[in-house]
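Commentary on secondary and tertiary structure
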Amino acid sequence: MPTDDLPETFHVTTDEQLRAVSNLTRHRIMAVLRFEPATITQIAERVGLAKGSSSYHVRLLERAGLVRVVRTRKVRGVTERYYAMAARSIVLPAPGEGGPDVLMRHAVADLEAAPAGGARHVRMAHLRLTEEQFAELGARLEALADEYRELSDPSLPDASLVFALFHPASPEQGEGDEQAEGEAK
């Protein structure tokens, strides 16, 4: 299925959709389907799951509208279904105050699972920026990610790009949290 037929974005808006994308196994299944359709058997092999488990997770993603059947074919009397992402990108809601950021949890899990000897570029920088600089940097990072997504070739190995530009909690907030923890002990 050509990716030209896909909508650009799918916005996660329901609790069912959020539960579906919050699971690391389903996140990895969606990564398999990112560039090309695959059958349950192909997904199971690529993710390292039993076919039954793979089928279960794909059904949940399909029910939530995140993946869909894009092609079927008969193989020895059995109908084989090919699944693909419902859109080029999935947009998650902003986490509630103090809530977990699903995207970052998955990114850290993927980074930890990556081969230890593989090439990596991981960096954290603490910056002091005006609101204008903050907005400009955010826009530049997003444009760079979009530019390289357009250059993606499904025949090449996967590479993941994750960035987070945010204002951290102020030191006063951190001190209050530590004090509350000390009182709870």
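To be clear, the structure that these remarks concern was listed above.
What this report covers is the structure whose coordinates are included nearby. (Residues numbered from 1 in each chain as written. Predicted model: local features only at pLDDT ≥ 70, side-chain atom pairs only at ≥ 80, totals over all residues. Heavy atoms only, no water.)

Some points on the pairing of strand S3 (residues 78-85)
- Strand direction decides the pairing type here: strand S2 (residues 67-75) and S3, joined by 8 bridges, are antiparallel. From the neighbouring strand, Val69 faces S3, where its bridge partner is Tyr83.
- Linkage of S2 to S3, two consecutive antiparallel strands, is achieved through a turn of 2 residues, within which Arg76 is found at a positive phi near 50°. (Pairing = 2+ DSSP bridges. Helix = DSSP H or I, 4+ residues; strand = E, 2+ residues; numbered from the N terminus.)

Quick notes on the pattern of salt bridges
- Counting across every chain of the model gives 6 salt bridges.
- Two residues, Glu8 and Arg149, come together in a salt bridge whose shortest N-O distance is 2.6 Å. Of this pair, Glu8 sits in the segment before strand S1 (9-11) while Arg149 sits in helix H6 (residues 131-151), and the two are 141 residues apart along the sequence.
- Put simply, Arg140 and Glu136 hold a salt bridge, and the shortest N to O gap is 3.8 Å. Here Arg140 pairs with Glu136, and both are found in helix H6, just 4 residues apart, close to one helical turn.
- A residue is classified by how much of its surface remains accessible, and Arg140, at 56% relative accessible area, is exposed.
- Connected through shared salt-bridge partners, Glu8, Arg88 and Arg149 make up one network. (Salt bridge = Lys/Arg side-chain N within 4 Å of Asp/Glu carboxyl O. Buried < 20%, exposed > 50% of the residue type's maximum accessible area, 1.4 Å probe, protein only.)

Section: the nonpolar core
- Ranked by size, the top nonpolar core spans 20 residues in total, and within it Leu33, Ile43, Val58, Leu61, Leu66 and Val67 carry the most contacts.
- Among the elements of the structure, helix H1 (15-22), helix H2 (24-32), helix H3 (40-47), helix H4 (51-63) and S3 are those that each provide at least two residues to this core.
- The leading source of residues in this core is H2, at 3 residues.
- The residues contacting Val67, other than those within four sequence positions of it, are Leu33, Val58, Leu61, Glu62, Tyr83, Ala84, Met85 and Ala86. (Core = buried A, V, L, I, M, F, W, Y, C linked by side-chain atoms within 4.5 Å. Contact = heavy atoms within 4.5 Å.)

So, the packing of aromatic side chains
- This structure, assessed with the given rule, holds 0 aromatic pairs.
- Geometry around Tyr82 places Arg71 over its ring, the cationic atom sitting 4.1 Å from the centre. (Phe/Tyr/Trp six-rings, centres within 6.5 Å; stacked < 30°, edge-to-face > 60°. Lys NZ or Arg CZ within 6 Å of the ring centre and 35° of its normal.)

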